[in-house]
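Here is what each chain is made of, one letter per residue.
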Amino acid sequence: MKIFFTNETKKLDEYTIEHEPVSSIDLMERAASSVTFEIMSRWQRNTRIVVFAGPGNNGGDALAVARMLIEEGYKLETYLFNPFQKLSPDCSKNKDRLKDIEGIHLTEVIKGDFLPPRLDTQTLVIDGLFGSGLRTSLTGGFASVVQYINSSKAQVVSIDLPSGLFGEDNSENYSRNIIRATLTLTFQYPKLAFMLPENAEYVGEWKVIDIDIHPEIIEATPANFYYLETDEIAPLIKKRPKFAHKNNFGHTLIIAGSQGMMGAAVLATKAALHIGAGLVSVHSAQCGYAVLQSAVPEAMFLSDTSQTHITEINIQKHYTTFGIGPGIGRNEETAKAIEALFGQMRHPVVLDADAINMAATHPNWLSQLPANSILTPHIREFDRLFGQHDNMLERLKKATEMAKRYRLIIILKGANTAIVTPKEKVYFNSTGNPGMATAGSGDVLTGILSGLLSQGYLPHEAAVIGVFIHGLAGDIAAEEQSQEYITAGDIINHLGKAYKHLKNYFE
Ligand SMILES: NC(=O)C1=CN([C@@H]2O[C@H](COP(=O)(O)OP(=O)(O)OC[C@H]3O[C@@H](n4cnc5c(N)ncnc54)[C@H](OP(=O)(O)O)[C@@H]3O)[C@@H](O)[C@H]2O)[C@@H](O)CC1
Ligand SMILES: [K+]
């Protein structure tokens, strides 16, 4: 799903109005009825509802929702804020339509004469003050209203966006003057701001409401940001040919583990096998021999000359790809061993964990990796590599710049893991849950990505499929057990079900 910028909303809107065709007031009616439906499915008729509407079309939506809820038998109070005595035409029309119905409590606030209604835990606030047309951070009376709502214990449903929140960059915005929503019902596409952890406190839970924006304009409008969902990932999964041989699915070399960290090597190796690599070998310190051979008998073990850590990697045969980093530690000898490998890397590789930390202290590494290699830093590793950043938006900007400069795919791990490609596209993942913030989860991802590359998936495909299926396996595991219970091993154990889910999706 494309993530458009809010300044493109009008264009999408106008094209739909002209080419569907539909009148703008009817498009608003459609949007409002979907919002009403969603509210009715979650809150009962005896809920006390207070609607806050602004002067633009976001306010128009809110007034239309108010009318529809009253018609459905809900009781509500509505406040329309019109300090400049200027309403958008559709907002004005919806004010008239609302005035005409029975049982209406509509207060139009024009001057500073606003007597705030009681808002308690039993109250549902519908926030339609501002949406995609917000020009500047809220100030004055509007900021006071937002602060009043935020200081209450009421639940808040925001229409399109929490009022006061910009769709994209909020780094200069005033935290106090942004609505903190329980639920945000957003039109047609999620906003970039929703993907960023720094905005989670405003957005709350969010859901996209489809208002049938014309498919031609969605197709024709380019986007740099995407939200990955099953219908985009499922078609990428290849069908295995009937006469396939294990060599068709490549040979992955996992370079992982050191004394006390052999679990990381086990997890990455297992994941590479379970995601479908034809052959998997693992190079590790001698102390890993017994552990790996018994934990993953399907893999071949290549022993280092050192007992405790990796010091030299002799490549004797052709490997389709390398997965480098889980549990290798930061020994300089290990760094040298990896450096010596660069000349032998023919295809994209995966770099994770301590291999990323080493890249931070060996700045020439990035330019030596094969084009389209995949880096999988979490936030701290990313900052070690590319410098401190204040927020996720800054990180994404830097990741985009670096992915382009070094021709790498950067997977920035977090709640909505972002996959950043050299072509400056950013894909946000929709699967995964907080239960996956657990030891070894990243090692599993490294194994998955290496195993996908090994099977001949293009690097950007491997990246999006890998991140998505890793999260999906974690979601299925959490569903069956619970988030707290999940370990990295459970993610591996649910990869099969995750595959099945994707393969059966179109059946
Ligand atoms: N295409 C779609 O998907 C559809 C979109 N729809 C809905 O339309 C919404 C967008 O509507 P919108 O463009 O009228 O903008 P909105 O957010 O209501 O604000 C504009 C008003 O606020 C004012 N204003 C701005 N900043 C301010 C500030 N800091 N402090 C004070 N005032 C400020 C601004 O004043 P002006 O700039 O005119 O002086 C104007 O009066 C969108 O979010 C969605 O809910 C649906 O109906 C269905 C189809
Ligand atoms: K809003």
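Residues numbered from 1 in each chain as written. Chains lettered and ligands numbered in written order. Predicted model: local features only at pLDDT ≥ 70, side-chain atom pairs only at ≥ 80, totals over all residues.

Points about the overall build of the chain
When helices and strands are counted, the chain shows 19 helices and 18 strands. Projecting the C-alpha coordinates of the chain onto the three principal axes gives extents of approximately 85 × 45 × 40 Å. Looking at the chain as a whole, 49% of its 507 residues are labelled buried. Taking contacts inside the chain between residues at least 6 apart in sequence as the whole, the part at least 24 apart equals 74%. (Helix = DSSP H or I, 4+ residues; strand = E, 2+ residues; numbered from the N terminus. Buried ≥ 20, exposed ≤ 12 C-beta atoms within 10 Å, placed from the backbone. Contact = placed C-beta atoms within 7 Å.)

Thoughts on the site of ligand 1
Inspection of the region around ligand 1 gives 29 residues, with D13, G56, N57, G131 and G133 positioned closest. Elements that contribute at least two residues to the shell around ligand 1 include exactly α1 (9-19), α2 (24-42) and α3 (57-71). Counting residues per element, the shell around ligand 1 draws most heavily on α3, at 5 residues. Its residues placed into classes, the shell around ligand 1 shows 12 nonpolar, 13 polar and 4 charged. (Near = placed C-beta within 6 Å. Nonpolar A, V, L, I, M, F, W, Y, C, P; charged D, E, K, R; others polar.)

A few points about the nonpolar core
Counting residues in hydrophobic clusters, the biggest one holds 149 residues, and the most contacted among them are V51, F52, I126 and V420. Counting contributing residues per domain, this core is built from domain 1 (2-223) and domain 2 (233-503), each supplying no fewer than three. (Core = buried A, V, L, I, M, F, W, Y, C linked by C-beta atoms within 7 Å. Domains from an automatic or database assignment.)

Section: the pairing of strand β12 (residues 300-303)
Bridging between strand β11 (residues 279-284) and β12 involves 4 bridges; their strand directions are parallel. When the bridges of β12 are listed, S281 appears paired with M300. Following the chain from β11 across helix α10 (residues 289-295) to the adjacent parallel β12, one finds a crossover that is right-handed. (Pairing = 2+ DSSP bridges. Right-handed = clockwise from strand over helix to strand, strands pointing away.)

Thoughts on the environment of G440
The topology assignment puts G440 in the loop between β18 (426-429) and α16 (441-454). Of the residues examined, G440 has 20 C-beta atoms within 10 Å and is grouped as buried. In this structure the C-alpha to C-alpha distance between G440 and G327, which are 113 residues apart in sequence, comes to 9.3 Å. Apart from residues no more than four positions distant in its own chain, G440 is found in contact with G263, A264, L267 and A488.

Some words on the UniProt feature "domain: YjeF N-terminal" (unreviewed entry) in the chain
Mapped onto the present numbering, the UniProt feature "domain: YjeF N-terminal" (unreviewed entry) falls at residues 9-219. Between the first and last C-alpha atoms of residues 9-219 the distance is 14 Å; the span itself is 36% helix and 18% strand. (UniProt positions renumbered as here; feature names shortened; annotations may be inferred.)

What about helix α17 (residues 459-480)?
An ideal rise of 1.5 Å per residue puts 32 Å on 22 residues; α17 measures up with 31 Å between its terminal C-alpha atoms. Most of α17 is tucked away: 18 of the 22 residues are buried. (Expected span 1.5 Å × (residues − 1).)

Points about the pairing of strand β7 (residues 183-187)
The element β7 is largely enclosed, with a buried count of 4 among its 5 residues. Summarising the sheet, strand β6 (residues 155-159) and β7 pair through 3 bridges and their orientation is parallel. If you follow I159 over to β7, its bridge partner there is L185. As defined by bridge partners, β7 adjoins strand β8 (residues 205-209) across 5 bridges and the pair is classed as parallel. In the sheet register, T184 faces β8, and the bridge partner there is W206.

A word on the confidence of the model for the chain
Considering every residue of the chain, the mean pLDDT works out to 96; 100% of them sit at 70 or more. Predicted complex, confidence summary: ipTM 0.98, pTM 0.96. (pLDDT = per-residue confidence, 0-100.)

Observations regarding the domain arrangement of the chain
Considered domain by domain, the chain is made up of domain 1 (2-223) and domain 2 (233-503). Here domain 1 and domain 2 have C-alpha centroids that lie 42 Å from each other. Facing 6 residues of domain 1, the contacting portion of domain 2 comprises 7 residues. Along the lines of polarity and charge, the residues of the side of domain 1 that touches domain 2 split into 3 nonpolar, 1 polar and 2 charged.

Some points on the sheet that holds strand β9 (residues 225-228)
Read from one edge of the open sheet, 11 strands run β1-β9-β18-β17-β16-β15-β14-β13-β10-β11-β12, paired in mixed fashion. Looking at which strands have only one partner, the edges of the open sheet turn out to be β1 (2-3) and β12.

Considerations on the sheet that holds β6
The sheet built from 7 strands is open, its strands ordered β4-β3-β2-β5-β6-β7-β8 with parallel pairing. Only two strands of the sheet have a single neighbouring strand rather than two, namely β4 (105-109) and β8. Between one strand axis and the next, the sheet turns through 15° on average, direction left out of account. Pairing geometry for strand β2 (residues 48-53) and strand β5 (residues 123-128), over 6 bridges, is parallel. (Axes fitted to C-alpha atoms, helices over the stretch in contact; angles between N-to-C directions.)

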